[in-house]
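Listed below, chain by chain, are the residues.
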Amino acid sequence: MSFHHSLEFAQQLDAQDPLAKYREEFHYPQHNGKDVIYFTGNSLGLQPKRSQKFVDDVMKDWKEMAVEGHFYAEKPWWDYHERLAEGLSKIVGAKKEEVSVMNTLTVNLHLLMVSFYRPTGKRIKILCEEKAFPSDQYMLQSQARYHGFNPEDVIEEVKKRDGEHFWRTEDILDKINEVGEELALVLMGGVNYYNGQVLDMEAITKAGKEVGAKVGWDLAHGVGNVKLNLHDWGADFAAWCSYKYMNSGPGNASGIYVNESYLGQKDIPRFEGWWGTKKETRFLMQPEFDPIDTADAWQLSNPPILSVAPYLASLELFDEVGMDALVQKQKSIVAFLEFVLKEIDKEVDSTFEIITPEERGCQLSVFLHGEGRPLFDYLMKNGVITDWREPNVIRLAPAPLYCSYTDMYNFGQILKEGILSK
Ligand SMILES: *Cc1c(COP(=O)(O)O)cnc(C)c1O
């Protein structure tokens, strides 16, 4: 599609956009009486209007029923989390049984590593990307130490090539084969938080499995953003948070995926709690753990209903829209944003270097040569919510559910003014 750089053209794209009506489903922070241009759905998604009711319902049931709400609320709390599995399984490309909602992301990665990082003999190494998200680095290092290793001896990082801003699939695959029979686990961010790159999760999973390693994915930036096919790829496990592209609310519950080949097993290493044991016998309060036949076996505690409720509301929206339509708009709005950046680039002295490769989802990470923090401050003061990473990178993630083509055009104008008014 060829784009034009004008407000009218952007408005025309919005008029033709089948997802445009979903803007109405969200609350926007206000700037001078207008909705902000929101580029940080990769950090905290906007609030869907319908999530309020889901939370209010729980508060009301608690007020009126107290403990009885566990079983007699309209959506009873004791199995409330099960309502999320179906919708989520479609988003991550898994079977319903392979998905569960619990805890928060880093907690879940630790719990899953208990099951899937089982260093034995010389198979002790963990492969990840260099400069992984800090929480993932701390998690991997502490897991290594927990098993009695020096993290430096067991964690292998795939590097980018000198002067390049992205990982090459061939380099990742080579590294997997090089570590080979010493490789116990591949655990990477499927979509990188910094450069927005979508890794070839299918090829990497296959290669990892072929050398006999387990393969897990951190999908914090992948879920609700790109098409995922965890089951068909044969991934062993995955986890994600829900407050980024999934719009579930700050610090909200995480999701996990565990491949069906591990379900229903009693002897798998796992940290266990009462919410993972079969429902039929749970309240007999007996000492023996009888794992649920689904990924729910990894549940420890009764779930935080007040945080799961808005996640369910958000899933309802995703279910209505569907990942195909979402990804279609995403490709088109990101392409338009890229076009706008290139047009503005011609009109100003600075140069924008997009460091996100072609394999991308919603996010463009842009190096602003010749600019600095004052430009970021200007954007924020003028109703553009974005984020800044040292040295001078802004990350722009136009979430397709609530960003418009007009937003992209207007952003370009504000960016230009910010640079020219220096
Ligand atoms: C956002 C993010 C996290 C955050 O973890 P929490 O435990 O939810 O605080 C972890 N890993 C990656 C890759 C992320 O992008």
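Since we're looking at a predicted model, the values are computed, not measured. (Residues numbered from 1 in each chain as written. Predicted model: local features only at pLDDT ≥ 70, side-chain atom pairs only at ≥ 80, totals over all residues. Heavy atoms only, no water.)

Caption draft 1: Local environment of the sheet that holds strand β7 (residues 125-129). As summarised here, the arrangement of the 7 strands in space is β6-β12-β11-β10-β9-β7-β8, forming an open sheet in which the pairing is mixed. Across the chains shown, the open sheet's two edge strands, defined by having one partner strand only, are β6 (99-102) and β8 (155-158). On average, each strand axis in the sheet is inclined to that of its neighbour by 20 degrees, with strand direction left out of account. Two strands pair when backbone bridges link them, and β7 and β8 are joined in this way by 4 bridges, in the parallel orientation. When the bridges of β8 are listed, Leu127 appears paired with Glu156. Sheet contacts for helix α8 (residues 169-179): β7, β8 and β9 (183-189); angle to β8, the most-contacted strand, approximately 155 degrees. (Pairing = 2+ DSSP bridges. Helix = DSSP H or I, 4+ residues; strand = E, 2+ residues; numbered from the N terminus. Axes fitted to C-alpha atoms, helices over the stretch in contact; angles between N-to-C directions. Contact = heavy atoms within 4.5 Å.)

Caption draft 2: Representation of the sheet that holds strand β14 (residues 364-369) in the model. Spatial ordering of the open sheet is given by β13-β14-β17-β16, a layout of 4 strands whose pairing is antiparallel. What marks the edges here is a single partner per strand, and that holds for β13 (351-354) and β16 (387-389). In this sheet, adjacent strand axes meet at a mean angle of 35 degrees when their direction is disregarded. Of the pairings in the sheet, the one linking β13 to β14 comprises 4 bridges and is antiparallel in character. Residue pairing across strands places Glu353 opposite Phe367, the latter belonging to β14. Each of β13, β14 and β17 (393-396) touches helix α13 (residues 323-347); the most contacted strand, β13, lies at about 155 degrees to it. Against the sheet, helix α14 (residues 373-381) makes contact with β14, β16 and β17, and its axis sits at roughly 170 degrees relative to β16, the strand it touches most.

Caption draft 3: Inspection of the pattern of salt bridges at higher detail. By the definition in use, this model includes 36 salt bridges. The partner of Glu170 in a salt bridge is Arg161, with the nearest N and O atoms 3.5 Å apart. Residue Arg161 is classed as partly exposed on the basis of its relative accessible area, which comes to 34%. For Asp171, the salt bridge goes to Arg161, with nearest N and O atoms at 2.8 Å. With Asp171 in helix α8 and Arg161 in the loop between β8 and α8, the pair connects residues that are 10 residues apart, well separated along the chain. Through salt bridges with shared partners, a single ionic network connects Lys125, Glu156, Lys175, Glu178 and Glu182. (Salt bridge = Lys/Arg side-chain N within 4 Å of Asp/Glu carboxyl O. Buried < 20%, exposed > 50% of the residue type's maximum accessible area, 1.4 Å probe, protein only.)

Caption draft 4: Local environment of the domain arrangement of the protein. With domains assigned, the protein is organised as domain 1 (7-35 + 322-420) and domain 2 (52-321). Once you take the C-alpha centre of each, domain 1 and domain 2 turn out to be 30 Å apart. With 30 residues of domain 1 at the interface, the matching set in domain 2 holds 22 residues. Each partner contributes to the roughly 2200 Å² buried at the junction of domain 1 and domain 2, and carbon and sulfur atoms together form 60% of this total. For domain 1, the biggest contributors to the area lost against domain 2 are Gly322, Met323 and Ile355; these three give 24% of the whole. A salt bridge links Lys227 to Asp324; the nearest nitrogen and oxygen atoms lie 2.8 Å apart. Joining domain 1 to domain 2, the criterion identifies 12 residue pairs in polar contact (both at pLDDT 80 or more). (Domains from an automatic or database assignment. Buried area = accessible area lost by both parts, 1.4 Å probe. Polar contact = N/O pair within 3.5 Å; in protein donor to acceptor, adjacent residues only side chain to side chain.)

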